[in-house]
Amino acid sequence: MPTVSVGRDRLFQRLGNDYTQEEFEALCFDFGIELDDVTTETAVIRKQNHQDNEEVGEDEEVIYKIEVPANRYDLLCLEGLARALRIYLGKDEIPVYRVSNIKCENLTKVHVKPETALVRPFVVCAILRGITFDEARYDSFIDLQDKLHQNICRKRSLVAIGTHDLGTVQGPFSYEAQSPEQIKFVPLKQVRSFTADELMEYYKTDNKLKAFLHIIKDSPVYPVIYDSNRTVLSLPPIINGAHSAISLQTRNVFIECTATDLTKAKIVLNMMVTMFSEYCQEKFEVEPVAVVHSDGSTSIYPDLSITNMKVDLSDISGSIGVSLPEQEVIHLLKKMQLHTEESLSQNGKSSIIVSIPPTRSDILHPRDVMEDVAIAYGYNNIPKSKPKCLTMGGRQPLNRFSDKIRAEVSRAGYLEVLTWILCSHEENFSMLKRANAGNAVIIANPRSSEFQVVRNSLMSGLLKTLRHNKDHAKPIKIFEVGDVVIIDESNDVGAANNRRLAALYCNVYSGFEEIMGLVERIMTIVAKPHAKSTEHYYEPSNLAEFFPNRQCSISFKGKKIGNFGIVHPEVLSEFKIQDPCSFLEIDIQSLL
């Protein structure tokens, strides 16, 4: 859940009322958000520097950190948050967002070159004309971009936002894709020119920008936006040009969003312009921009049209559990920024027409409308009721059995550990002397070399744990009960989870008899009470990860369910472990 940091005094000023902390927490709860923390700017800096807290000065601004739903992009800045709360409190009417009435031939144009399809094919644009910034508004404008980049934009991989001082550039603009050495400009906060490939090297050590370099680094061409004088506005999604940087003196802001996902680009552009159009000379009015595509077609952005949705009142009341009259539903939805009108009844069902503004991209289904009605009505006001049918909940048998296995292994002196279900390709195969037999799920686009494969064995996880704790006193006895994933064509998703027990014994001697004793104990306790366990037996095995002639397979009711033995020295060497170890792995689902 994203957190928005706003100055308490500035927020209360916009709300037109002062609240105690308890009163504001209650307001947040009623609206469906949460006051997560109360701090100050200096307290945040001290915390980052690991300094002891000091007394808060009287002149320090109190910062409210407010947690908002992940799909409410309109609440990611002070402007949107204050506007939504004022409408909820009945202090403001729902604003009407509109585009300027400009003839098509007079619109600012952006021409898209066909080469952009190779890297970032989409661009949407708009202009905030006659905007007035002060320091607080400017900071909020920049902060909203960062919040959107981290949220819906998926760290700029889907959408990258560029904002420019329109007074410093000249349209029409051109969105192109060129080889890195052809692109040369002075980037933001720099004084000398760089080519695009030089910038990629330069920002490798930049704490913020290095996280975005991978998005286009391996592309043969980089996206770039020029004005009519061939001045570079931006190199998306990395950085803007210094020439068109906005400032407190900027009066006309040109906003461009380049993207690989057109739908999300439209949402992001709408959020930027609707949140800050209240500072424009014509309040809540946005100047459109014509995007001329490579095939000659033209699209006008932003799209601030209102979407209508028909919702049955019975679906709303039935889901909430409270019978609400039509007029009350209309009033509650108005508090949530949704204009609503009555609709004619059909087949004995009453329905309403809900108008969804461009700020509420989270409304996709009548269930979303129902949720807003429930929030405005108040969850605490919904009466408690007992279900009409009696149901008995309980834990899954496999989970109950797993806990019993955990308890038994713990009583044998083993310490439980938890390891990642994802591991690297080497850890899952070559480091264990195993060949990739095609029975493991491979991650298509791993974000890290450490998480390339979904494990099909618990062995590498325990060996990695031992490697990081090998200096502990011997013997080291650890175990894990967890899931592995194996390819299963009979399953509708092509793979299946499998619950397993793994145990590792490390000492100055191998401890083969220790592991075998643990196997015997487990097989004994899963047998029928007061009956001699004759359903399991051991057979010699020949697995590469174990020492030859020092390993066995475990069979139960005629089915092979696991293996144990002394870990091969070459495997231990791969994990930088010097002491001998014995290892056990059992499919406990088969025992259940």
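Thresholds applied
Along each chain, the written sequence defines residue order, and numbers are assigned to residues from 1. Only residues with pLDDT of 70 or above have their local features reported here, since the model is predicted, and side-chain atom pairs are shown and tallied only from 80 upward, although totals for entire chains, interfaces and linings are computed over all residues. The basis for the side-chain values is all heavy atoms of the structure; hydrogens and waters are excluded. A run of H or I in DSSP becomes a helix once it reaches four residues, and a run of E becomes a strand once it reaches two; helices and strands are each numbered from the N terminus. Buried residues are those whose accessible area, probed at 1.4 Å on protein chains only, stays under 20% of the maximum for their type, while exposed residues exceed 50% and partly exposed ones sit between those limits. Every residue pair with non-hydrogen atoms within 4.5 Å of one another is taken to be in contact. Computed with a 1.4 Å probe, the accessible areas rest on the Shrake-Rupley method; for each residue, only the protein chains presented here act as cover. Using protein atoms alone on a 1 Å grid, points that fit a 1.4 Å probe yet trap it form a cavity, whereas open point sets bounded by protein on both sides within 12 Å along at least five of seven lines form a pocket; residues with an atom within 4 Å of a point count as lining. Grid points are joined across faces, edges and corners, and a volume is the space filled by probe spheres set on the points. Each patch groups residues whose relative accessible area exceeds 30% and which form no salt bridge, using 9 Å between like charges and 5 Å between nonpolar side chains of Val, Leu, Ile, Met, Phe, Trp and Tyr. The term salt bridge refers to a pairing of a side-chain nitrogen on Lys or Arg with a carboxyl oxygen on Asp or Glu at a separation within 4 Å. Residues scored as positive are Lys and Arg, those scored as negative are Asp and Glu, and His as well as the terminal groups of each chain are ignored. To locate a charge, take atom NZ for lysine, CZ for arginine, CG for aspartate or CD for glutamate. Each axis is a line fitted through C-alpha atoms, taken for helices only over the stretch in contact, and angles between the N-to-C directions span 0 to 180 degrees. Relative orientations are named as follows: roughly parallel for angles under 35 degrees, roughly antiparallel for angles over 145 degrees, roughly perpendicular for angles from 65 to 115 degrees, and oblique for any other angle. The handedness criterion is simple: a crossing whose near helix is rotated anticlockwise from the far helix by less than a right angle is left-handed, and one whose near helix is rotated clockwise is right-handed. In this classification, Asp, Glu, Lys and Arg are treated as charged, Ala, Val, Leu, Ile, Met, Phe, Trp, Tyr, Cys and Pro as nonpolar, and every other residue, Gly included, as polar. Think of a nonpolar core as a cluster: buried Ala, Val, Leu, Ile, Met, Phe, Trp, Tyr and Cys residues, connected wherever their side-chain atoms sit within 4.5 Å. Paired strands, as defined in this entry, are two strands with at least two bridges between them according to DSSP. Domain segmentation is taken from an automatic or database assignment of domains. Any Phe, Tyr or Trp ring, taking Trp's six-membered ring, that has another such ring centre within 6.5 Å forms a pair; planes under 30 degrees apart are called stacked, those over 60 apart edge-to-face, and the others tilted. By definition, being over a ring means that NZ of Lys or CZ of Arg is both within 6 Å of the ring centre and within 35 degrees of the ring normal.

1. A closer look at the overall build of the chain
Across its full length, the chain carries 16 helices and 29 strands. Seen through its principal axes, the chain has C-alpha atoms that stretch 90 × 70 × 60 Å. Here the chain holds 592 residues, and the buried ones make up 48% of them. Across the chain, contacts joining residues at least 24 apart in sequence account for 70% of those joining residues at least 6 apart. Put simply, the chain shows about 30100 Å² of open surface, and 49% of that area lies on carbon and sulfur atoms.

2. Details of empty space enclosed by the protein
Counted according to the given criterion, the structure contains one cavity of 30 Å³ or more. When its volume is computed, the largest cavity comes out at roughly 30 Å³. In this structure, the largest cavity is lined by Asp74, Gly80, Arg83, Ala84, Tyr97, Met275, Gln337 and Thr359. Per element, the largest residue contribution to the lining of the largest cavity is three residues, and it comes from helix H4 (residues 78-88).

3. Brief notes about a negative patch on the surface
There is a patch of like negative charges on the surface, built from Glu22, Glu23, Glu25, Glu34, Asp36 and Asp37. For the negative patch, the elements supplying multiple residues, two or more each, are helix H2 (21-31) and strand E2 (34-40). Mapped onto the elements of the fold, Glu23 is located in helix H2.

4. Description of the packing of helix H5 (residues 135-150) against helix H7 (residues 262-276)
The contact between H5 and H7 brings their axes to 11 Å, and the two run at 160°. Accordingly, the angle class assigned to the pair H5 and H7 is roughly antiparallel. In this structure, H5 meets H7 at a crossing whose hand is right-handed. Note on element contacts: H7 touches H5 through Val268, Met271, Met272, Met275 and Phe276, opposite Arg137, Ser140, Phe141, Leu144, Gln145 and Leu148. When its residues are assigned to classes, the contact of H5 with H7 shows eight nonpolar, two polar and one charged.

5. Overview of the nonpolar core
By size, the foremost hydrophobic cluster in this structure holds 95 residues, and its most contacted members are Phe24, Ile66, Leu128, Leu148 and Ile255. For this core, the element with the highest residue contribution is H7, accounting for nine residues. Not counting the four nearest positions on each side in its chain, Phe24 is found in contact with Leu11, Phe12, Leu15, Tyr19, Leu35, Tyr64, Ile66 and Leu85. Ranked by size, the runner-up nonpolar core spans 23 residues in total, among them Tyr414, Cys552, Ile561 and Phe564.

6. Some words on the pairing of strand E8 (residues 173-178)
Among the six residues of E8, six are classified as buried, and the element is accordingly described as predominantly covered. Residues Phe173, Tyr175 and Ala177 point to one face of E8 and Ser174, Glu176 and Gln178 to the other, with burial holding for every one of them. Judged from the three bridges that link them, strand E5 (residues 108-112) and E8 form a sheet pairing that is parallel. Looking at E8, one finds that Val110 is bridged to Phe173. Where E8 and strand E11 (residues 222-226) come together, five bridges link them in antiparallel fashion. Paired with Glu176 across the bridge in E11 is Val224.

7. Structural notes on the domain arrangement of the chain
We note that the domain assignment places domain 1 (3-88), domain 2 (98-301), domain 3 (307-378) and domain 4 (397-591) within the chain. Summarising the inter-unit geometry, the C-alpha centres of domain 1 and domain 4 are found 49 Å apart.

8. Remarks on the pattern of salt bridges
Applying the stated criterion to the full structure yields 30 salt bridges. Between Glu570 and Lys433 there is a salt bridge; the shortest N-O distance is 3.3 Å. Taken as a pair, Glu570 in helix H15 (residues 569-574) and Lys433 in the loop between helix H12 (425-428) and strand E22 (441-442) lie far apart in primary sequence, 137 residues in all. We classify Lys433 as partly exposed; its relative accessible area is 32%. A salt bridge links Arg499 to Asp483, with the nearest nitrogen and oxygen atoms 2.4 Å apart. Of this pair, Arg499 sits in strand E25 (residues 495-506) while Asp483 sits in strand E24 (residues 476-487), and the two are 16 residues apart along the sequence. For Arg499, a relative accessible area of 12% puts it in the buried group. One network of salt bridges, in which partners are shared, links Arg14, Glu79, Arg83 and Glu278.

9. Observations concerning the packing of aromatic side chains
Inspection of the entire model under this criterion finds 19 aromatic pairs. Consider the rings of Tyr505 and Tyr509, whose centres lie 6.2 Å apart with planes at 50°: the pair is tilted. You can call Tyr509 partly exposed: its relative accessible area is 38%. Cation over ring: Arg230 sits above Tyr226, and NZ or CZ is 3.8 Å from the ring centre.

10. Details of the layout of surface pockets
Its volume calculated, the largest pocket comes out at about 1200 Å³. The wall of the largest pocket is formed by 46 residues, among which Ile142, Asp143, Asp146, Lys189 and Lys208 lie closest to the centre. Only strand E1 (3-7), helix H3 (41-48), strand E3 (62-67), H5, strand E7 (159-165), strand E12 (232-235) and strand E13 (239-240) provide two or more residues apiece to the lining of the largest pocket. The greatest single-element share of the lining of the largest pocket, amounting to 10 residues, is contributed by H5. Considered class by class, the residues forming the lining of the largest pocket number 22 nonpolar, 11 polar and 13 charged. If you count residues domain by domain, the lining of the largest pocket takes at least three from each of domain 1 (3-88) and domain 2 (98-301). Computed from the structure, the second largest pocket encloses a volume of approximately 530 Å³. Arg434, Asn456, Ser457, Arg500 and Asn563 are, among the 24 residues lining the second largest pocket, the residues nearest its centre. When contributions to the lining of the second largest pocket are tallied by element, the ones reaching two or more residues are E25, strand E28 (559-567) and strand E29 (581-587). Considering every element that reaches the lining of the second largest pocket, the biggest residue donor is E28, with five residues.

11. Quick look at the sheet that holds strand E21 (residues 422-423)
Here three strands make up an open sheet; going across it, the order is E21-E23-E22 and the pairing antiparallel. With partners counted over all chains shown, the strands left at the sheet margins are E21 and E22, one partner each.

12. Let's talk about the sheet that holds E1
On the basis of which strands lie adjacent, the open sheet formed by three strands has the order E1-E3-E2 and antiparallel pairing. Single-partner strands in this sheet number two, and they are E1 and E2. Strand-to-strand, the axes of this sheet are offset by a mean angle of 25°, without reference to chain direction. Contacts between helix H1 (residues 8-15) and the sheet are confined to E1 and E3, with E1 contributing the most and set at about 80° to the helix.

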